[in-house]
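Fold and geometry: a report
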Amino acid sequence: MNNQPKIEAFKSFYQQGKDLYNSGDIAGAREMFIRAAELANDISVNATSYDVRMEYHRTAANILDFVRKSCVKQVPKEVPARGSEEVKTIEPESGGGITFADVAGLEDVKNQIRYKVIEPLKNPELAEIYHIKPGAKILLYGPPGTGKTFIARAIAGEVDAKFYVVNCQDLISKWMGESSQKLDEIFETAQSNERAIIFFDEFDSVASKRGDGADGADGEMARFVATFLTKVDGFKKSKTNKMLLLIAATNRPWALDPAMLRGGRFDTHIYVGVPDQAAREFLVHKELDGLPMDDDVDLSALASALEGYGGGDITAICGKIKLRAYMRSSQVGAAQNITREDCNVVLGESHNMISAEDLARFEMFRSTGSID
């Protein structure tokens, strides 16, 4: 499908929104930004390219986030193009008690992490014999919605570590010195804990391949990547810190600067793919077990029908199934069973954002380190 007319319309609405916002017409800007976000989302849904799909999906989300936060008061601020608002002082997130027991399937992924991070902390004397130290720099990559962030939180739960989430799009600053200062703050804060994990989400937004240009966007990105590499190379645990683990996650590993992936940096690469049948059944039963349900509802068959979907999408689809039964219950004032029709209707309305072509691209990168 030719998205070019929509792309041009998107650019026009977005620019009008910026102009109105900077002139103080917040109401007019809000309308233009919302129309731009709707077009960006439409472009994402209809795009055949994975990269284009994800780019416009993030763009729509960032515009709507800006509208929600900044298009309510008549106090103009600088309009960010892609989530470039200043990062707040970093605070650890609550892990919610998540451990590997909550992660559906992915046994190979859990085993790689278990012997890289968890076992050296549980048995430091044995790890010392082989000069294995707890902590590492791990890259988690795979299609969106396959549970990369969930796995990172589960690691924090397994080792009782403070968990710091850094949205890399928010880390990018117009002034590179400010970004460098923010990186210093992140590392210093994490190192003050006995055990800590820094999780860099959407890593490709700050670690993309550097262009050849010395000026403009290529120059700025090259300087930022160099700054980031310096921080990663130079980070050291404090005297009180027993483990500092750096985890980065990306849906576009082929876009990363090769320098980020060399030995001593993010050199442990773990592919997080879509869940298999057993993992899908785990997720479906976790969401639907114990709920009022007709006898002919087959949860194993539902899991089979969700082959190729990411874990997050499976959870969302189960949520929609529950919602249909809940809405009927609210109307009659009594609990109603989940039916096969509920499952079939929701499945019929669902669209898997992970295509066979996307999975083939990830498998090629997993095998060769490239998609060329």
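Described below are features of the structure shown in this document. Quick caveat: nothing in here was measured; it's all calculated off a predicted structure.

1. Describing a nonpolar patch on the surface
Nonpolar side chains collect at one region of the surface, where Leu126, Ile129, Tyr130 and Ile132 lie side by side and expose about 430 Å² of accessible area between them. Considering the arrangement of structural elements, one finds Ile132 in the loop between helix H5 (124-129) and strand S1 (137-141).

2. Some remarks on the pairing of S1
Within a regular strand, the side chains alternate between the two sheet faces. Where burial is concerned, most of S1 is hidden: five out of the five residues are buried. Burial of the side chains of S1 extends over both faces: Lys137, Leu139 and Tyr141 are buried on one face and Ile138 and Leu140 on the other. The pairing of S1 with strand S4 (residues 243-250) spans five bridges and is parallel. Counterpart to Ile138 in the pairing with S4 is Ile247.

3. Topic: helix H12 (residues 311-332)
Taking 1.5 Å of rise per residue, the 22 residues of H12 would be expected to cover 32 Å, and the 33 Å separating its terminal C-alpha atoms lies within 8% of that figure. Of the positions making up H12, those classed as buried are Gly311, Ile314, Ile317, Cys318, Ile321, Ala325 and Ser329. In a view along the axis of H12, the buried residues occupy a sector of 145°, so they form one face of it. In this structure, H12 carries Tyr326 and Gln331 as exposed residues pointing more than 90 degrees from its buried face. Structurally, H12 contributes buried residues whose contacts are with helix H10 (277-288), helix H11 (299-305) and helix H13 (340-349).

4. Things to note about the environment of Met293
In this structure, Met293 sits in the loop between H10 and H11. Separated by 43 residues in the primary sequence, Met293 and Gln336 have C-alpha atoms spaced 8.0 Å apart. Not counting residues within four places of it along the chain, the set of residues in contact with Met293 comprises Leu288, Leu299, Asn337 and Ile338.

5. Side note on helix H1 (residues 4-23)
Every α-helical turn comprises 3.6 residues, leaving residues that sit three or four positions apart pointing alike. Counted at 1.5 Å a residue, the expected span for H1 with its 20 residues is 28 Å, and the 29 Å between its end C-alpha atoms agrees. Residues of H1 that are buried include every one of Ile7, Phe10, Phe13, Tyr14, Gly17 and Tyr21, and no others. An end-on view of H1 places all buried positions within 130° of arc, on one side of the element. Counted as exposed and oriented over 90 degrees from the buried face of H1: Pro5 and Ser23.

6. As for the environment of Ile371
Relative to the helices and strands, Ile371 resides in the segment after helix H14 (356-368). Among the residues examined, Ile371 registers a relative accessible area of 27% and is labelled partly exposed. Considered as a pair, Ile371 and Ala360 are 11 residues apart in the sequence and their alpha carbons are 9.5 Å apart. In this structure Ile371 touches Trp254, Arg361, Met364 and Phe365, once residues within four positions along its chain are discounted.

7. Some points on the sheet that holds strand S3 (residues 195-201)
Strand-to-strand pairing in sheets goes through backbone hydrogen bonds, with the strands running parallel or antiparallel. Spatially, the five strands line up as an open sheet ordered S2-S3-S4-S1-S5, and their pairing is parallel. Of all the strands in the sheet, just strand S2 (162-167) and strand S5 (268-271) have a single pairing partner and so form its edges. Taking the axes of each pair of neighbouring strands and ignoring which way they run, one obtains an average angle of 20° across the sheet. Seen against the sheet, helix H4 (residues 107-122) touches S1, S3, S4 and S5 and runs at an angle of roughly 140° to S5. On the sheet, helix H6 (residues 148-159) packs against S1, S2, S3 and S4 and is oriented at approximately 175° with respect to S3.

8. Concerning the pattern of salt bridges
Two side chains carrying opposite charge are able to pair once their charged atoms lie near each other. Using the criterion set out here, one finds seven salt bridges in the structure. Notably, a salt bridge pairs Asp108 with Arg366, separated by 3.9 Å at the nearest N-O pair. Pair noted here: Asp108 is in helix H4 and Arg366 is in helix H14, with a separation of 258 residues, a long-range link. Measuring nitrogen to oxygen at the nearest pair gives 2.7 Å for the salt bridge that ties Asp342 to Arg328. Taken as a pair, Asp342 in helix H13 and Arg328 in helix H12 lie far apart in primary sequence, 14 residues in all.

Rules of the game
- Residues numbered from 1 in each chain as written.
- Predicted model: local features only at pLDDT ≥ 70, side-chain atom pairs only at ≥ 80, totals over all residues.
- Heavy atoms only, no water.
- Patch = residues over 30% accessible without salt bridge, like charges linked within 9 Å, V, L, I, M, F, W, Y side chains within 5 Å.
- Areas by Shrake-Rupley, 256 points an atom, 1.4 Å probe, with all protein chains shown as cover.
- Salt bridge = Lys/Arg side-chain N within 4 Å of Asp/Glu carboxyl O.
- Helix = DSSP H or I, 4+ residues; strand = E, 2+ residues; numbered from the N terminus.
- Buried < 20%, exposed > 50% of the residue type's maximum accessible area, 1.4 Å probe, protein only.
- Pairing = 2+ DSSP bridges.
- Expected span 1.5 Å × (residues − 1).
- Arc of directions from axis to C-beta.
- Contact = heavy atoms within 4.5 Å.
- Axes fitted to C-alpha atoms, helices over the stretch in contact; angles between N-to-C directions.

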